[in-house]
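# What the coordinates show
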Amino acid sequence: MELTLDQALQKGVEAHKAGQVQEADQYYTAIIRANPKHPDANHNMGVLAVGVGKVEAALPFFKTALEANSSVAQYWLSYIDALIKLDRIVDAKAVLDQAKSKGINCEGLDSRNKELQLSLENFAIGQDIALGHWITLTKLLTQQKFSQAIRLIEDIEEIYPDSFSLNNLAGQAYLGSKEFKLAGRYLKRAISLNAEYGQAHNNLGQLYTLEGKKKKAIESYKMVLQLNPNNYVGHNNLGSAYNDQKLLNKAIKHYKIALQLNPNYKTCLLNLGLVQREKGQFTAAIKSYKRAIELDPQYVKAFNGLGVALLDKAEVKLATQCFLDAIKIDVDCGEAYWNLIGTSKNIQEAQKWLSRCLKTTSQSDNALIMEAGLEAYMGETIKLDKLYGSKFADHPCTRSFTWALNLPKLPPLYFTRWALFDYIISSSNKDRPFYEFGVWTGEAFKYLIKTFKKGYGFDTFEGLPEDWHNEKAGTYSSDGNIPKIKGGKFIVGKFEDTLPAFFEKERPKASIINFDADLYSSTICALNFAKPVIDQHTILIFDEFLINDNWEQDEYKALEEFCSNNGYTYEVLAISFFTKQVAVKLIGI
C-alpha cells in the first residue's frame with residue numbers, strides 16, 4: 001500500500017530517532033520529490049545532513065522549510081545553528097533578526113542572540129569602524145540594499161576619514177549598484193590604507209572582472225591568495241578569472257584547490273562542471289554537477305548543467321529529466337525550457353517548450369527567431385516576415401532559417417545531434433567505414449563506431465590550429481590525449497601535414513564523413529583530400545554549419561567552394577538548427 005505524505009513523514013521521523021539515517025533519508029527524499037516545498041520534510045532533511053557532518057548541504061533544506069512556513073521557531077533555530085557551525089556569524093545574526101521581525105520569540109532565540117553578539121564583537125576585531133556601523137553595513141550589503149548602504153556611508157565617512165574597512169564596504173556598495181568608477185576609487189583607497197586587506201583585493205578583482213579587465217582581475221586574486229593561501233573563495237575566483245581568459249587547465253587547478261579546502265562549496269562545483277564540460281571532460285562534469293545537487297537539491301543551475309553534460313554523452317532521457325527537475329523547482333526557468341527544446345523528438349514538441357520558454361522572464365533573441373523559423377518551416381511565415389523588417393533581419397539565426405527555407409526541398413528537422421546521427425545512419429551504407437575530421441574527445445566517434453565498426457579520425461588533439469573568429473587557437477584541446485576506441489584508427493597532426501600521405505594510398509569509400517573541424521581552412525582541406533573516398537552514396541555531416549555569427553564564412557563556405565570547383569551540387573538530407581548540423585549528399589560526383 002502506498003503511504004500518504006503524513007504517513008511517510010511519521011515513518012521517516014521514527015527511523016531518524018532510531019538512528020537509521022539511510023532509511024530516514026529515503027522517506028524524506030520521497031516526500032520532497034512529491035512536494036518539493038514540504039516544510040517538515042525539508043527541515044528534517046537539513047537536521048539529517050547536519051548530523052552526518054554535511055552542514056553546508058543542510059542550508060537549502062532549512063531555507064526551503066522557512067519559505068514554506070516561517071512560523072515554526074525550530075526551523076529558525078536549526079538554520080541559525082547551521083550558519084554558526086559554518087562560522088557565518090553575520091548571516092546567522094541577520095537570520096535571527098529576521099526571525100524576531102516575524103514575531104518569533106523563544107528562549108533558544110534569546111540565548112543565541114547573546115552568543116552571536118559576543119561573536120560579532122570578536123569577529124569585528126581588526127575592523128576600524130564602530131561595531132554597530134560595521135554590522136549594519138554588512139547586513140545591507142548581504143541583503144543587496146546598496147542604495148541604503150551608500151546613504152549610510154555618506155553619513156558616516158567624515159567620522160572615519162582613514163578607515164580601510166569603510167572604504168572597502170563603500171567599494172562593495174558601489175560595485176553592487178554598478179557604479180564602477182566610484183567602486184574602484186574606494187577599493188584602491190582601502191588597499192592604500194591597508195595593503196594586506198584581502199577583502200579589498202578580492203572586491204577589486206570582482207570589479208576588474210565586471211569591467212572586462214581580465215589580467216588585472218587575475219593579479220588581484222593572486223594577491224588575495226598571497227595574503228592567505230587557504231582562502232577557498234579566492235581560489236574559486238582566480239579559477240573563474242582564468243576561465244574568462246580561456247586558461248582552462250589553470251581554472252580547473254584552482255577550482256580543485258578550493259574544493260580541497262571546502263568540499264561543500266557548491267558554487268565552485270558548478271564552476272568546475274562548466275569548465276570540465278568546456279574541456280570535453282563530460283564524465284567529470286557530470287560528477288561535479290551531481291555533487292552540487294547532493295549539497296543543494298534545489299540548485300537549478302546544477303540541474304541545467306547536469307542535463308547539458310548528459311546530453312553531450314547522448315543520455316537524452318536522463319538529460320530531459322534533469323531539465324524537468326529544474327522546472328519543478330523553478331517554473332520560470334527559461335534556460336531549462338530552452339534546453340528541453342534541444343531534447344525534442346519533433347517540431348511540435350519543440351514548439352511546446354519554446355512557447356513556455358517565451359513566457360519566462362529570460363526569453364532571448366534566439367527563442368523569438370526559433371519560434372518564427374519553426375512556424376515558417378510548418379508553412380506559416382507571418383512571424384518570420386515580420387522579423388525581416390526588424391532588427392533581427394540580419395541575425396545569424398534568421399539567415400540560417402532563410403537559407404533552409406529557400407532549399408528546393410525542406411529536409412527533416414532534428415533537435416539533438418544524436419537524433420540526426422540516427423537518421424543519417426539509417427540511410428547510410430553500413431558496410432563501409434566512416435571518417436571524422438575533428439575528433440576532440442571522441443564522443444561522436446564512439447557513437448558512430450557502434451554501427452560502422454571501423455572509423456578513421458583526424459585531429460591534432462591540441463585544439464584549433466588557428467583563431468576561429470572569437471575562439472583562440474588551441475581552444476577545444478584534449479591536451480594531446482588520443483581516444484582509445486575499438487575499431488578506431490587515429491591520424492594525429494594538422495590536416496595539411498597528414499592527409500596527403502594518408503590519401504595517397506587507396507582508401508575504402510566512406511559511408512559517412514563527419515566534419516567537425518569548425519574552420520573554413522581545415523574543412524576545405526579535408527574535403528579536397530577526402531574526395532577519393534566520396535561517391536554518390538556517401539553522406540557528409542557538417543557539425544558547425546549554421547547559426548554561428550559568421551557561419552557563411554566557415555563550413556558552409558568550404559562546401560560551396562568544394563562543389564563549385566568540382567562541378568557538384570548537393571542535396572540537404574537533414575538539419576538541426578539547435579545543434580547547428582547539416583547533412584548532405586553530393587550530386588554529380
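Basis of the calculations
- Residues numbered from 1 in each chain as written.
- Predicted model: local features only at pLDDT ≥ 70, side-chain atom pairs only at ≥ 80, totals over all residues.
- Heavy atoms only, no water.
- Helix = DSSP H or I, 4+ residues; strand = E, 2+ residues; numbered from the N terminus.
- Buried < 20%, exposed > 50% of the residue type's maximum accessible area, 1.4 Å probe, protein only.
- Contact = heavy atoms within 4.5 Å.
- Areas by Shrake-Rupley, 256 points an atom, 1.4 Å probe, with all protein chains shown as cover.
- Lys, Arg positive; Asp, Glu negative; His and termini not counted.
- Charge placed at Lys NZ, Arg CZ, Asp CG, Glu CD.
- Polar contact = N/O pair within 3.5 Å; in protein donor to acceptor, adjacent residues only side chain to side chain.
- Core = buried A, V, L, I, M, F, W, Y, C linked by side-chain atoms within 4.5 Å.
- Phe/Tyr/Trp six-rings, centres within 6.5 Å; stacked < 30°, edge-to-face > 60°.
- Lys NZ or Arg CZ within 6 Å of the ring centre and 35° of its normal.
- Salt bridge = Lys/Arg side-chain N within 4 Å of Asp/Glu carboxyl O.

For the rest of this paragraph, the subject is the overall build of the protein. Helices and strands together make up the secondary structure of the protein, namely 29 helices and seven strands. On the principal axes, the C-alpha backbone points of the protein span a range of 85 × 70 × 50 Å. Every one of the 589 residues in the protein was classed for burial, and the buried ones make up 51%. Across the protein, the fraction of contacts at a sequence separation of at least 24, relative to all contacts at a separation of at least 6, is 58%. When the accessible surface of the protein is split by element, carbon and sulfur atoms take 49% of a total near 27700 Å². Here the protein holds 68 positive side-chain charges and 69 negative ones, and the gap between their average locations is 3 Å.

Secondary-structure assignment places Arg399 in helix α24 (residues 396-405). Among the polar contacts made by the side chain of Arg399, one reaches the side chain of Glu552 at a distance of 2.6 Å. Ignoring any residue separated from it by four or fewer positions in sequence, one finds Arg399 in contact with Asp394, Asn548, Asp549, Trp551 and Glu552.

Among the nonpolar cores identified, the biggest contains 162 residues, and Trp403, Tyr435, Phe437, Phe458, Ile513, Ile575 and Phe577 are the most heavily contacted of them. In this structure Phe437 touches Phe458, Phe495, Leu499, Phe503, Ile513, Asn514, Phe515, Asp516, Ala517, Ala526 and Ala530, once residues within four positions along its chain are discounted. Formed by 23 residues, the second largest nonpolar core is a distinct cluster that contains Tyr414, Leu448, Ile539 and Ile541.

To continue, consider helix α28 (residues 520-530). All of the buried residues in α28 are Ser522, Thr523, Ile524, Cys525, Ala526, Leu527 and Ala530. On the buried face of α28, the contacting elements are β1 (434-437), α27 (495-504), β4 (512-515), β5 (539-542) and α29 (555-566).

All chains considered together, the criterion is met by 34 aromatic pairs. On the basis of an interplanar angle of 55° and a centroid distance of 5.9 Å, the ring pair of Phe434 and Phe452 is categorised as tilted. Here Phe452 lies in helix α26 (residues 443-452) and Phe434 lies in strand β1, a separation of 18 residues in the sequence. Each member of the pair, Phe434 together with Phe452, is buried. On the basis of an interplanar angle of 80° and a centroid distance of 6.2 Å, the ring pair of Phe461 and Phe490 is categorised as edge-to-face. Pair noted here: Phe461 is in the loop between β2 (455-459) and β3 (488-492) and Phe490 is in strand β3, with a separation of 29 residues, a long-range link. Above the face of the Trp418 ring, Arg417 is positioned so that its terminal group lies 5.0 Å from the ring centre. Above the plane of the ring of Tyr520 lies Lys557, whose end atom (NZ or CZ) is 4.5 Å from the centre.

Moving on, we get to α24. With respect to burial, α24 is a largely interior element, eight of its 10 residues being buried. Within α24 the residues assigned to the buried category are Pro396, Cys397, Thr398, Arg399, Ser400, Phe401, Trp403 and Ala404. Looking at the buried side of α24, the elements it contacts are α22 (365-377), α23 (382-388), α29, β6 (569-576) and β7 (581-587).

Two side chains that carry opposite charge are able to pair once their charged atoms sit near each other. Counting across every chain of the model gives 22 salt bridges. Lys246 is the salt-bridge partner of Glu278, the closest N and O atoms lying 2.6 Å from each other. Here Glu278 is found in helix α16 (residues 266-278), whereas its partner Lys246 is found in the loop between α14 (232-244) and α15 (248-261), with 32 residues between them in sequence. When its relative accessible area of 27% is taken as the criterion, Glu278 is described as partly exposed. According to the relative accessible area criterion, Lys246 is partly exposed, its value standing at 42%. Note that Asp535 and Arg432 form a salt bridge whose closest N and O atoms lie 2.6 Å from each other. Of this pair, Asp535 sits in the loop between α28 and β5 while Arg432 sits in the loop between α25 (417-426) and β1, placing them 103 residues apart in sequence. Take Asp535: its relative accessible area is 11%, and that puts it in the buried class. Three or more residues joined by partner-sharing salt bridges are found here, namely Lys54, Arg291 and Glu294.

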